[in-house]
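Below are the chains, spelled out letter by letter.
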Amino acid sequence: MAGDAMTIAARSLLDQMARHHVWATERLLSSLEALPEDDYRRPCGLFFGSIHGTLNHLLLTDREIWFPRFASGRSPSLPLDAELERDRRRLASGLIEAAAQWSDYLEGVSEGDLAGDLHYVMTTGQPRTLPTAATLLHVFNHATHHRGQITAAISLLGYEFLPLDLAYLLISERAAQLTP
């Protein structure tokens, strides 16, 4: 019975993180709408250069690298700084779609798969085996890390941004539950 409760807790946490991934991505993109093109593409010390470069990295890792590893067992090898989408509106649309795919994936994944291992090949060619549930958490944490970099850049450029913390999503979900 303890194993069943643990699996239920893990699935609940992953579902929550998938919801946060979509919510935070939408809020970040909303905050970026007011940014002029020059600031959006300006090199600002992020690992992938600009806000645009970092958003492309997020699309690449979410849609082209991690999702195929989980959903189809494929391990694409792509440069982590590849520009998948030059147009910022199409990039934003792709990011929202990529974030939303995780909730759909989680609906179809079995408890056994979540409790098992993910076998994949890193972009450097090295084979890896990691726990599936923890690696899913990594995917969501990776996106949070880069969203945090982008919000720091937005702030340094002198613009406002919406808060992205998980607690704000939980507060809004709780308020929605309490509203008749």
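In what follows, the structure referred to is the one given above.
Since this is a predicted model, take the numbers as computed values, not measurements. (Residues numbered from 1 in each chain as written. Predicted model: local features only at pLDDT ≥ 70, side-chain atom pairs only at ≥ 80, totals over all residues. Heavy atoms only, no water.)

> Lay out the overall build of the protein chain with the relevant residues and their values.
In terms of regular secondary structure, the protein chain is built from seven helices and two strands. Seen in sequence order, the protein chain has helices and strands lined up from the N terminus as α-α-α-α-α-β-β-α-α. The C-alpha radius of gyration of the protein chain comes to 17 Å, within 12% of the 16 Å expected for a compact globule of 180 residues. Counting over 180 residues, the protein chain shows a buried share of 40%. Across the protein chain, the fraction of contacts at a sequence separation of at least 24, relative to all contacts at a separation of at least 6, is 71%. Averaged over its 15 positive side-chain charges, the protein chain has a centre that lies 3 Å from the centre of its 22 negative ones. (Helix = DSSP H or I, 4+ residues; strand = E, 2+ residues; numbered from the N terminus. Rg over C-alpha atoms; globule rule 2.2 N^0.38 Å. Buried < 20%, exposed > 50% of the residue type's maximum accessible area, 1.4 Å probe, protein only. Contact = heavy atoms within 4.5 Å. Lys, Arg positive; Asp, Glu negative; His and termini not counted. Charge placed at Lys NZ, Arg CZ, Asp CG, Glu CD.)

> Quick rundown of the side chain of R11? Include the residues and the values.
You can see R11 is positioned in helix α1 (residues 2–32). Once residues within four sequence positions are removed from consideration, R11 is found in contact with L106, V109, S110, E111 and L114.

> Got a sec to walk through the packing of helix α3 (residues 51–71) against helix α6 (residues 132–156)? Specific residues and values, please.
Relative to each other, α3 and α6 sit at 170°, their axes nearing to 10 Å. With respect to their mutual orientation, α3 and α6 come out roughly antiparallel. Of the residues in the contact of α3 with α6, the class split is 11 nonpolar, nine polar and two charged. (Axes fitted to C-alpha atoms, helices over the stretch in contact; angles between N-to-C directions. Parallel < 35°, antiparallel > 145°, perpendicular 65-115°, else oblique. Nonpolar A, V, L, I, M, F, W, Y, C, P; charged D, E, K, R; others polar.)

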